[in-house]
Structure formats: C-alpha cells, structure tokens
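Here is what each chain is made of, one letter per residue.
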Amino acid sequence: MTQGEALTILKTGANVFLTGEPGSGKTHTINEFVAWLRTSGIEPSVTAATGIAATHVAGMTLHSWSGIGIAESLSRADVDRIASKEHVARRIAKAKVLIIEEISMLSATTFQMADAVCREVRRVDKPFGGLTVILVGDFFQLPPVARRSLGEGGRSREVTFAYTSPTWRDLNLLTCYLTEQYRQDDSEFLTVLSAIRSGAVEEMHYELLMTRRVGLPADLPSTKSDLVLGAPKLFSHNADVDRINAAELAKLPGASKKFKMSSKGKDSLVEGLKRGCLSPEVLELKEGAAVMFTKNSPQGRFVNGTLGVVSGWGADGLPIVKTKDGLRI
C-alpha cells in the first residue's frame, strides 16, 4: 500500500493500524494526517509508548495523556480516581482522534488501562470511549517496555503485545501496510533486510552478505577490529563508541566547537529524557565531521537517521551539514 492510499483510508475516520517495514514512511504519513486534521479544525491527541518516541512526534506519552502514569494495574477505584482528575477528564472528553506511536512498545495491560479510563471519562462503552484510534508501529521491532515485577506465587508477570488484548480486537482496525521504501534504494540489500526481519534468511542472502565482508590482516587480533578502515563499527558499550568517535574527530584539522544541551522542566522527567536521548549532552564538532540526525524535521528536510558531513558554520555559529543527497542544512 502506498502512503497516499493509507492517507485516504485514515481520512475516512476508521480505526487504523498503520504499519510497514522501517523506512516505509509511517511517521511521515501520520504527520500528513495530523496536518490534514488540523486544517479541518480537529486537534488530534498525539501520544507514544515512550518519552523519547513522544518527542519525535511532538506529543506526550499515552501514560501521561490518559493519567495512568506508571501504574501496572488499575482497580475500579483507581479508574474512578483518575477519571475524576479535572485536567485528565477535560483532555480525554474533548479528544476526537487518538494517535499512538510505537505501538509495539506498549504492553497489552497498559493498552487496556488507557482504554478503561477513556470509557469511564467519556461514559461510552466502546473501545477508548468511542474515540477514533490510530495505532502506528511495527511488531517486528521493539517489544513492550515493562519493569520486572512478580505476580501471584512469585512468578514473573508475562508482558504481552498490545494486539493480544480484547480491546485490539474490539477496535475492528483496518490494517494499512506501507510497502514503498524511502530509506534504502539498493534492492538487493532491501531483500536481505526483509529476510532478516521476517526470520527467512536463505543461502542466497548469506552469500550476498559475504560479498561485503571486510577481512582483517592475519596479524591483527579480533579485539582490534575497530581499526579496520572504511567500515562502520558496532559496539555493545557506549564508552567504546565514544572512544572511537573522539579519536576520529581528533584526526580532523581545525578547531572544534562544542554545543551544550539546555533543559527545563521537572528534574526526574529531564533525567529520563537524557538517558534515552541519542544525542550527547555536549556535542563536539569539527568541519568534516560525519554526523547523523536523531530527529525528524517537521518540514521534511531530514529524518531520524539522515547522514551527512559538517561543511562549515552559519552566521549564527551553528553547523551546516551537507547530506549524502547534496543538500545543505
């Protein structure tokens, strides 16, 4: 399905599950839908399963929006208490369209709790109190986020995907599976990625990957693999990543510039965002430094993952990045 076809379905007011492989344009399609809603006089409630995901869509977590917070279960009294909070009740009552991004990271239990609160506030015995619900994500990617906890008998509580909940079934969702690819244009590489994603790797995929293998000199221990030139290096610890990046930056000529993070808000919330943010608190750059964007541009000029090189500095001292496509941002 194309983005345009999915957008047409979204505009009908149906409950929709928007999914597709990475790079198929799920977030872009939702942004287009949100813009259309706003021009139509409808302000959607844009939420996500995590704080970081919420910042990418300029929204808030479903936990905060629904008032359930960090609760792992709700009693009838809990639902009544949350529904009686004026700011929560007002927000849910006036909502018309609820969008939940990164649905794969939301547990069935949390999904059910948000549903229960919406039903109570809106006094409508339909999923999410009759709201139009748009779920966005890919269940092949990140699983639900949950703290380890013990249930009855000391056994660990099983955390399940949102689609296992009765609410998912009751929503009668239309599934829009985006099939176009915007992040990669190498068809052979895409075939390999798709095979890995679906757990269907065959000999042909393995052979194709092996053609790209970078060999190590015979006298170079495997622990020194970060010295191989021209290939991305993957590490399990951020400290190793920072060490390699700092060493590469130091090799570039010229003086470096440092950009420091600023923040405002409740300390505990700021700390939570900082722990999950891909960008460092102090970003050191030089002309010629390789960089990657970690957020989508609302104007569509770049996306989370766009690669480029610092080509200079603007009049305001901020970096100018030249992307792989030749754009100067």
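For the structure itself, consult the block above.
Residues numbered from 1 in each chain as written. Predicted model: local features only at pLDDT ≥ 70, side-chain atom pairs only at ≥ 80, totals over all residues. Heavy atoms only, no water.

> I'm lost on the pattern of salt bridges in this one. Help?
Any two side chains of opposite charge can pair, so long as their charged atoms come close to each other. Taken as a whole and assessed by the stated rule, the structure comprises 14 salt bridges. One salt bridge in this structure joins Arg76 and Glu120, with 2.4 Å as the shortest N-O distance. Taken as a pair, Arg76 in helix α5 (residues 76–83) and Glu120 in helix α7 (residues 108–122) lie far apart in primary sequence, 44 residues in all. Lys274 is the partner of Glu281 in a salt bridge, and the nearest nitrogen-oxygen pair spans 3.6 Å. (Salt bridge = Lys/Arg side-chain N within 4 Å of Asp/Glu carboxyl O. Helix = DSSP H or I, 4+ residues; strand = E, 2+ residues; numbered from the N terminus.)

> Please explain the packing of α5 against α7 as it appears in this structure.
When two helices pack together, their arrangement is given by the angle between the helix axes and by the axis-to-axis distance. Relative to each other, α5 and α7 sit at 60 degrees, their axes nearing to 9 Å. Classified by the angle between their axes, α5 and α7 sit oblique to one another. Crossing of α5 over α7 shows right-handed handedness. Contacts between α5 and α7 pair Arg76, Val79, Asp80, Ile82 and Ala83 from the former with Ala116, Val117, Glu120 and Val121 from the latter. Residues of the contact of α5 with α7, tallied by class, amount to six nonpolar, no polar and three charged. (Axes fitted to C-alpha atoms, helices over the stretch in contact; angles between N-to-C directions. Parallel < 35°, antiparallel > 145°, perpendicular 65-115°, else oblique. Left-handed = near helix turned anticlockwise from the far one by under 90°. Contact = heavy atoms within 4.5 Å. Nonpolar A, V, L, I, M, F, W, Y, C, P; charged D, E, K, R; others polar.)

> Just checking my understanding: could you explain the sheet that holds strand β11 (residues 319–323) for this structure?
Pairing between sheet strands relies on hydrogen bonds along the backbone, with the strands arranged either parallel or antiparallel. Read from one edge of the open sheet, three strands run β9-β10-β11, paired in antiparallel fashion. At either margin of the open sheet sits one strand with a lone partner, and together these are β9 (290–292) and β11. Put simply, the sheet's adjacent strands are angled 50 degrees from each other on average, direction ignored. The pairing of strand β10 (residues 307–313) with β11 spans five bridges and is classified as antiparallel. When the sheet's bridge partners are listed, Val310 is paired in β11 with Val321. (Pairing = 2+ DSSP bridges.)

> Quick question: what am I supposed to make of a negative patch on the surface here?
A surface patch of negative charge is lined by Asp185, Asp186, Glu188 and Asp325. Tracing the backbone shows Asp185 in the loop between β6 (174–178) and α9 (187–198). For Asp185, a relative accessible area of 78% translates into the label exposed. (Patch = residues over 30% accessible without salt bridge, like charges linked within 9 Å, V, L, I, M, F, W, Y side chains within 5 Å. Areas by Shrake-Rupley, 256 points an atom, 1.4 Å probe, with all protein chains shown as cover. Lys, Arg positive; Asp, Glu negative; His and termini not counted. Charge placed at Lys NZ, Arg CZ, Asp CG, Glu CD. Buried < 20%, exposed > 50% of the residue type's maximum accessible area, 1.4 Å probe, protein only.)

> When you look at the packing of helix α6 (residues 86–94) against α7 in this model, what are you seeing that I'm missing?
At a minimum axis separation of 9 Å, α6 and α7 run at an interaxial angle of 85 degrees. Looking at the two axes, α6 sits roughly perpendicular to α7. Between α6, through Ala89, Ile92 and Ala93, and α7, the contact on the second element is made entirely by Val117, Cys118, Val121 and Arg122. Of the residues belonging to the contact of α6 with α7, the class tally is six nonpolar, no polar and one charged.

> Explanation requested: α7 in the structure shown.
Note: α-helices contain 3.6 residues per turn, so residues at a spacing of three or four share the same orientation. The end-to-end C-alpha separation of α7 is 21 Å, in line with the 21 Å expected for 15 residues at 1.5 Å each. All buried positions along α7 are accounted for by Ala108, Thr110, Phe111, Met113, Ala114, Asp115, Val117, Cys118, Glu120 and Val121. Structurally, α7 contributes buried residues whose contacts are with α4 (62–66), α5, α6, β4 (97–101), β5 (132–136) and α8 (166–170). Arg123 sits one or two positions beyond α7 and adopts a positive phi of about 55 degrees. (Expected span 1.5 Å × (residues − 1).)

> In this structure, what is going on with the nonpolar core? I would like to understand it.
If you look at soluble globular proteins, the nonpolar side chains tend to sit buried side by side. In terms of nonpolar packing, the biggest core is built from 31 residues, with Ile103, Phe111, Phe128, Leu135 and Trp168 touching the most fellow members. Considering each element in turn, this core owes the most residues, six residues, to α7. What Trp168 contacts, discounting residues up to four positions off in sequence, is Phe17, Ile103, Phe111, Leu135, Phe139, Ala162, Tyr163 and Leu173. Judged by nonpolar contacts, the second largest core, of 18 residues, contains Ala6, Leu7, Ala14 and Val57. (Core = buried A, V, L, I, M, F, W, Y, C linked by side-chain atoms within 4.5 Å.)

> Looking at this structure, how should I read a nonpolar patch on the surface?
Together, Ile196, Val201 and Leu209 make up an exposed nonpolar region whose accessible area comes to about 260 Å². Here Ile196 lies in helix α9.

> Help me understand the side chain of Glu120 in this model?
By relative accessible area, Glu120 is classed as buried at 15%. Excluding anything up to four places from it in sequence, Glu120 contacts Arg76, Val79, Asp80 and Ala83.

> Looking at this structure, I do not really get the packing of aromatic side chains. What am I missing?
A full pass over the atoms with the stated rule returns twelve aromatic pairs. On the numbers, 4.8 Å between centres and 90 degrees between planes, the contact of Phe139 with Tyr163 is edge-to-face. You can see Phe139 sitting in the loop between β5 and α8 and its partner Tyr163 sitting in the loop between β5 and α8, a full 24 residues away along the chain. A relative accessible area of 19% means that Phe139 is categorised as buried. Each ring, one from Tyr163 and one from Trp168, has its centre 6.5 Å from the other, and the planes form 75 degrees; the classification is edge-to-face. (Phe/Tyr/Trp six-rings, centres within 6.5 Å; stacked < 30°, edge-to-face > 60°.)

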